[in-house]
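Fold and contact review
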Amino acid sequence: MKIGLWLQDHRNDTEKRFNEVMNIVKKSDVDLIVLPEDAYIPFNHLLEEEEDYVFTTLGKWFSEADKLAKKIGKPMMLSARQDIYFENTKDLRPFIFSYYTNPQATENETINRVYFKNTMTGYSPLEFEDYENSILEQWNQYAPIFLKGKKIGMTICYDCTYPIFSALYGVQNVDIIINMTGGNVDYHKWYRYNQVRAIENECFSLVTMGYYEDDSINSYVFGFDPDGINMSFTNLMHSSINECNKVDSIYVYDTENYKEREGITQSEPTENKYQDLIVEAGNVSKLIDKAKQLREDYLYVLKKGDDNIIFVICDEEEVQVPELVAAMLYDQILNDIENKKYIIVNRRNNLEFDFLENQLDPLLRVRSMENFCAVILESPIANRVYQCSKNKKSQVLKEVKGKFGIDLSRTTGPEAIWSKSKNSVNVVRKDTYNTLIDICCEWASQTTSEEE
């Protein structure tokens, strides 16, 4: 399948340029065209005029999107925002959504689908009192899109940094997950997150953005295959150019025909300035043996001063299953424990170097980043410890005299991610996220039963 990702240049947000690009798409052989989060679309003004809210009905904006897709003869993914006064807010809040439309769908293909952004947004559907019914059932938010024999899922921006929003598609065996991001993001963070979304869900992962003028070009496109390989592409506007991230271009990723491109350079191991917990390389069991067991075989707590160190045991391939890891980290048995610090432990009896470097290493980095915790790997060929920085970039700790020094201030886990100090509604959002973890685990078990 050929998927076109428009790296939209917001310095030239005009109806004329929009129509020029759509004409280029119309003449192309792409199977799907994707616009970035909150894209410039000439009929976005309709969202200001709508009497109905986007989460209650498909109004005039959606009708125009259908007409556009029919005009260019291509299925489309578009994204926009509607500023809304909610019952519990005193000011307008942006409600961001994506819309898939295929007016020419065959009997076995999806005609349309809506996805509502969950995180880093003014108002989140996670705050809805009845998310499970209103979003999951009424809107069928995580139902895969069927197109040309493929199953596709879509997410928006920061939702890609939370594993469950993608895993809800992964447990349904989707072929492709597409993320629409606004832009102005850290290249390495977005590379790692979306690479791992591909690896753990065993699917293709594609990302596009919009460019806002800044000190540097910091809006990108990404394409990863199910093994996390950085994919080659073609440029629909500049066929002779092999340059990545040229703004106002459409990058085409062909899931049936691609080559491997060079990925990002791995950072060298570094020693922490602050070291609150010393772990012997290859012997984390020494600490776990001193800990109190909370759940048989996978949750332990070790008291250290005022801190309670939670060891989350995800041995062998368990650490590669996002919903399983999340279920452990968000286990209700941890709710009443104060001053928690989280460490994920992955011990392996066998490990191949190629798998370690190309798939497991990025995955463990992201497990640390997405959960704001430390991750310990023990295996016959490598012992490593991963941490994330305060701005959630990845770090590999340097082994010094057979030991690793962990900075526990950067292991505060879900409590840091859903902090009350950041947003008073985060407690509500976290509760709904817990529900989604349970649903994801249930869907995964159903899929496993069907396959057996």
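Attention in this report is confined to the structure presented alongside it. (Residues numbered from 1 in each chain as written. Predicted model: local features only at pLDDT ≥ 70, side-chain atom pairs only at ≥ 80, totals over all residues. Heavy atoms only, no water.)

Observations regarding the packing of aromatic side chains
Within this structure, the stated rule accounts for 34 aromatic pairs. Centre to centre, the rings of Trp6 and Phe18 are 5.7 Å apart; their planes meet at 50°, and the pair counts as tilted. Here Phe18 lies in helix α1 (residues 15–27) and Trp6 lies in strand β1 (residues 2–9), a separation of twelve residues in the sequence. For the ring pair Tyr162 and Phe165, a centre distance of 5.9 Å and an interplane angle of 55° mean the geometry is tilted. For the residue pair Tyr162 and Phe165, the accessibility class agrees, reading buried in each case. Ring pairing ties together the aromatic residues Tyr53, Phe55, Phe95, Phe116, Tyr123, Phe128 and Trp139, which thus form one cluster. (Phe/Tyr/Trp six-rings, centres within 6.5 Å; stacked < 30°, edge-to-face > 60°. Helix = DSSP H or I, 4+ residues; strand = E, 2+ residues; numbered from the N terminus. Buried < 20%, exposed > 50% of the residue type's maximum accessible area, 1.4 Å probe, protein only.)

With respect to a nonpolar patch on the surface
Nonpolar side chains collect at one region of the surface, where Tyr53, Tyr85 and Leu92 lie side by side and expose about 300 Å² of accessible area between them. Tracing the backbone through its elements, the reader meets Tyr85 in the loop between β3 (76–84) and β4 (93–101). A residue is classified by how much of its surface remains accessible, and Tyr85, at 49% relative accessible area, is partly exposed. (Patch = residues over 30% accessible without salt bridge, like charges linked within 9 Å, V, L, I, M, F, W, Y side chains within 5 Å. Areas by Shrake-Rupley, 256 points an atom, 1.4 Å probe, with all protein chains shown as cover. Salt bridge = Lys/Arg side-chain N within 4 Å of Asp/Glu carboxyl O.)

Here we look at a negative patch on the surface
On the surface, Glu129, Asp130, Glu132, Glu137, Asp438 and Glu442 cluster together to form a negatively charged patch. Mapped by element, the contributors of at least two residues to the negative patch are α4 (131–137) and α11 (426–451). Considering the arrangement of structural elements, one finds Asp438 in helix α11. Given a relative accessible area of 52%, Asp438 falls into the exposed group. (Lys, Arg positive; Asp, Glu negative; His and termini not counted. Charge placed at Lys NZ, Arg CZ, Asp CG, Glu CD.)

Let's talk about the packing of helix α5 (residues 163–170) against helix α6 (residues 187–201)
Where α5 contacts α6, the axes come no closer than 10 Å and their chain directions differ by 35°. In the crossing of α5 with α6, the sense of the turn from one axis to the other is right-handed. Note on element contacts: α6 touches α5 through Arg197, Glu200 and Asn201, opposite Pro163, Ser166, Ala167 and Gly170. Taken together, the residues that form the contact of α5 with α6 break down as two nonpolar, three polar and two charged. (Axes fitted to C-alpha atoms, helices over the stretch in contact; angles between N-to-C directions. Left-handed = near helix turned anticlockwise from the far one by under 90°. Contact = heavy atoms within 4.5 Å. Nonpolar A, V, L, I, M, F, W, Y, C, P; charged D, E, K, R; others polar.)

Notes on the pattern of salt bridges
According to the stated counting rule, one finds 25 salt bridges in the structure shown. In this structure, Arg295 and Asp331 form a salt bridge, with 3.1 Å as the shortest nitrogen-oxygen distance. Remark: Asp331 occurs in the loop between α8 (322–329) and β18 (340–347) and Arg295 occurs in strand β15 (residues 292–295); sequence separation between them is 36 residues. By relative accessible area, which is 33% here, Arg295 ends up partly exposed. When the shortest N-O distance is used, the salt bridge between Arg347 and Asp315 registers 3.0 Å.

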